[in-house]
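For reference, the chains in residue letters:
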Amino acid sequence: EAAQQRLNATKLTVNDKLALVVAAQKRFAQKSAQAKAKLASAEKILAKLKKEDRARLAALAAAEEDADQASSKAYAISAGNISGRAGAAIKYALAQIGDRYVFGSAGTVTWDCSGLTMRAYQAAGVSLPHSSAAQSRYGRKVSYSSARPGDLLFYGRPISHVAIYLGGGKMVHAPRPGSRVKVVSNAATALG
């Protein structure tokens, strides 16, 4: 009888977990469809631009990225000494400035946001999963106003981006496709 009760309890738990997986798959399919629709819309707009306009916009984006890289490298050189695990993670992340963003990548020359934070903290002796949403469930939550260098900053609802806070309103992150690992200001709102 006790074995039957344990079996029934296990069956209920498995069914609950399966229902959660099915619901997550449905949400993922919806988000994927939304992203594909937005991409198709953006591609239609881009296709309407004249060739010289596309070239001008690409040149402006490249110039902005180059300026971001120059200021990021200057920041990395002048970064203060932070001790402990936070300091080790920051030092590792700053050493990756200029590496390209590739979705799903976790080093050593290409990164996505959570791959960068995962490896940075791995270098500091802390094990994190390769997912910004999963990383948000580790550690202790603090308000942005209480953030200290080395804290992870999370963005999106649901969470879809992570960065390492450097202090003084700055963060280091792997922002998006077409960009590179960089330091940006205004960490409370920045995603560019």
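Our structure's up above, just so we're on the same page.
Residues numbered from 1 in each chain as written. Predicted model: local features only at pLDDT ≥ 70, side-chain atom pairs only at ≥ 80, totals over all residues. Heavy atoms only, no water.

### Some thoughts on the side chain of Ser72
Part 1 of the argument: Positionally, Ser72 belongs in helix α2 (residues 51-78).
Part 2 of the argument: Taking the relative accessible area as the measure of exposure, Ser72 reaches 0% and is therefore buried.
Part 3 of the argument: Residue contacts for Ser72: discarding those within four places in its chain leaves Ile97, Lys182 and Val183. (Helix = DSSP H or I, 4+ residues; strand = E, 2+ residues; numbered from the N terminus. Buried < 20%, exposed > 50% of the residue type's maximum accessible area, 1.4 Å probe, protein only. Contact = heavy atoms within 4.5 Å.)

### Some remarks on the sheet that holds strand β3 (residues 152-155)
Part 1 of the argument: With antiparallel pairing, four strands are arranged side by side in an open sheet as β3-β4-β5-β6. A single partner strand is all that each edge strand has here, and the edge strands are β3 and β6 (182-185). Taking each pair of neighbouring strands and ignoring which way they run, the sheet shows an average axis angle of 40 degrees.
Part 2 of the argument: Pairing of strand β5 (residues 170-173) with β6 involves four bridges; the strand directions are antiparallel. Bridging across to β6, Lys170 finds its partner in Ser185.
Part 3 of the argument: Against the sheet, helix α3 (residues 84-94) touches β4 (161-167), β5 and β6, its axis set at about 110 degrees to β4.
Part 4 of the argument: Contacting β3, β4 and β5, helix α4 (residues 113-123) crosses the sheet at an angle of about 50 degrees to β4. (Pairing = 2+ DSSP bridges. Axes fitted to C-alpha atoms, helices over the stretch in contact; angles between N-to-C directions.)

### Concerning a nonpolar patch on the surface
Part 1 of the argument: A grouping of Leu18, Val21 and Val22 is seen on the molecular surface, where their side chains present a nonpolar patch of about 260 Å² in accessible area.
Part 2 of the argument: Examined against the element boundaries, Leu18 turns out to sit in helix α1 (residues 2-48). (Patch = residues over 30% accessible without salt bridge, like charges linked within 9 Å, V, L, I, M, F, W, Y side chains within 5 Å. Areas by Shrake-Rupley, 256 points an atom, 1.4 Å probe, with all protein chains shown as cover. Salt bridge = Lys/Arg side-chain N within 4 Å of Asp/Glu carboxyl O.)

### With respect to the packing of aromatic side chains
Part 1 of the argument: Tallied over the full model, the rule gives two aromatic pairs.
Part 2 of the argument: Judged by centre distance (5.6 Å) and plane angle (75 degrees), the rings of Tyr144 and Tyr165 are edge-to-face. With Tyr144 in the loop between α5 (132-135) and β3 and Tyr165 in strand β4, this pair connects stretches of sequence that are 21 residues apart.
Part 3 of the argument: Residue class for Tyr144 comes out partly exposed when judged on its relative accessible area of 34%.
Part 4 of the argument: Accessibility expressed as a relative area gives 8% for Tyr165, which makes it buried. (Phe/Tyr/Trp six-rings, centres within 6.5 Å; stacked < 30°, edge-to-face > 60°.)

### Section: unusual backbone geometry
Trans peptide bonds make up the majority, and among non-glycine residues the majority have a negative phi.
Part 1 of the argument: The peptide bond linking Gly107 to Thr108 adopts the cis configuration, its omega dihedral lying at 5 degrees.
Part 2 of the argument: By the secondary structure assignment, Thr108 is in the loop between β1 (100-101) and β2 (110-111).
Part 3 of the argument: Cis geometry marks the peptide bond from Arg157 to Pro158; its omega dihedral reads 0 degrees.
Part 4 of the argument: Mapping Pro158 onto the fold places it in the loop between β3 and β4.

### Here we look at the pattern of salt bridges
Part 1 of the argument: The final tally for this structure, using the stated rule, is five salt bridges.
Part 2 of the argument: With a closest N to O distance of 3.8 Å, Arg180 and Glu65 form a salt bridge. Remark: Glu65 occurs in helix α2 and Arg180 occurs in the loop between β5 and β6; sequence separation between them is 115 residues. Glu65 carries the same exposure label as Arg180, and that label is buried.

### Re α3
Part 1 of the argument: Of the residues making up α3, those classed as buried are Ala86, Gly87, Ala89, Ile90, Ala93 and Leu94. Down the axis of α3, the smallest arc covering the buried residues is 165 degrees, so these residues share one side. Of the exposed residues in α3, those oriented more than 90 degrees away from the buried face are Gly84, Arg85 and Lys91. (Arc of directions from axis to C-beta.)

### A word on the nonpolar core
Part 1 of the argument: Judged by nonpolar contacts, the single largest core of 20 residues is most densely connected at Leu94, Tyr121, Ile164, Leu166, Val172, Val181 and Val183.
Part 2 of the argument: Among the elements of the structure, α3, α4 and β4 are those that each provide at least two residues to this core.
Part 3 of the argument: The element best represented in this core is α3, accounting for five residues.
Part 4 of the argument: Discounting chain neighbours no more than four positions away, the residues touching Val172 are Ala93, Leu94, Ala163, Ile164, Leu166, Val181, Lys182 and Val183. (Core = buried A, V, L, I, M, F, W, Y, C linked by side-chain atoms within 4.5 Å.)

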